[in-house]
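Structural features, examined
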Amino acid sequence: MMKTVNACFLYDQISASFDKLLAMAIAHPAQLICFFAALFFFHASEFLLALFFHGPSKVSSSSLLFSKQYLFAMVCGLLEYSIEGTFVPELKSNMQISYIGVALVITGEAVRKAAILTARQNFTHDIKIFHRENHELVTRGIYRFFRHPSYLGFFLWSIGTQVLLINPLCIVGYTLVTWRYFSQRILYEEFFLRQFFGRQYTEYANRVSSGIPFVK
Ligand SMILES: C[S@@+](CC[C@H](N)C(=O)[O-])C[C@H]1O[C@@H](n2cnc3c(N)ncnc32)[C@H](O)[C@@H]1O
């Protein structure tokens, strides 16, 4: 009996949030259209580039880059947007802030795609722990300025999606979570890069910054 009441309550809450989101979409279509367009472009282009550089046999749905944590973060963003849009609608009406978000999304995409197009086959979505025969150290193009340009690009892009929706809580949350994620991932990735490329990587790391703020 208790379980049925809880399930009904949850269902009511979810459908109420969905209704709020729908109402927001009608009130501010530009913000949600830009948000979903940014998501669509990001995932479709990541998949197509992986297909182009690695071929169909090496690409799976994982190249679409949908993880549980990522989907959870996006749902949190949409929930914050619909709740604040209902109770403090004036917060969402400052389009200047949304334009800054769009600029961050575009800059993030440009930096990330420049990294993928420069590293080509050397760029894989997963972190390689064994040295592949054709894996070369890339230090040209955008890798002359940052050691981890694709992470910098995603960092900017993800925060941009929340600036675009004017979600103050998620702007802070996304910044902290993605920063922590990349600072740990860089340590792990560089452990293997130092094994693969030895002194060549150490010298590169000494002269070029990571690209992620406060990560050496
Ligand atoms: C998701 S990509 C990220 C590449 C890089 N961290 C970036 O942000 O542009 C991860 C793969 O790229 C490889 N990788 C990272 N930096 C590289 C470099 N400078 N040259 C060649 N391969 C690199 C790693 O070995 C790993 O398998």
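Fair warning: this is a prediction, and the values are worked out from it, not measured in the lab.

Thresholds applied
Residues numbered from 1 in each chain as written. Predicted model: local features only at pLDDT ≥ 70, side-chain atom pairs only at ≥ 80, totals over all residues. Heavy atoms only, no water. UniProt positions renumbered as here; feature names shortened; annotations may be inferred. Helix = DSSP H or I, 4+ residues; strand = E, 2+ residues; numbered from the N terminus. Polar contact = N/O pair within 3.5 Å; in protein donor to acceptor, adjacent residues only side chain to side chain. Axes fitted to C-alpha atoms, helices over the stretch in contact; angles between N-to-C directions. Parallel < 35°, antiparallel > 145°, perpendicular 65-115°, else oblique. Contact = heavy atoms within 4.5 Å. Nonpolar A, V, L, I, M, F, W, Y, C, P; charged D, E, K, R; others polar.

**Quick notes on the UniProt feature "transmembrane region" (unreviewed entry) in the protein**
Sequence positions flagged by UniProt for "transmembrane region" (unreviewed entry) are, in local numbering, residues 30-53 and 154-177. As a span, residues 30-53 carries 100% helix and 0% strand, and end to end its C-alpha atoms are 34 Å apart.

**Description of the side chain of K92**
Relative to the assigned elements, K92 resides in the loop between α3 (68-87) and α4 (95-119). Looking at K92, its side chain comes within polar contact range of the main-chain oxygen of I166, at 2.6 Å.

**Describing the packing of α3 against helix α5 (residues 149-164)**
Where α3 contacts α5, the two axes come as close as 10 Å, and the packing angle between them is 30°. In this view, α3 runs roughly parallel relative to α5, as classed from their interaxial angle. Residue-level contacts link Y70, M74 and G77 of α3 to F154, W157, T161 and Q162 of α5. Of the residues contributing to the contact of α3 with α5, the split by class is 4 nonpolar, 3 polar and no charged.

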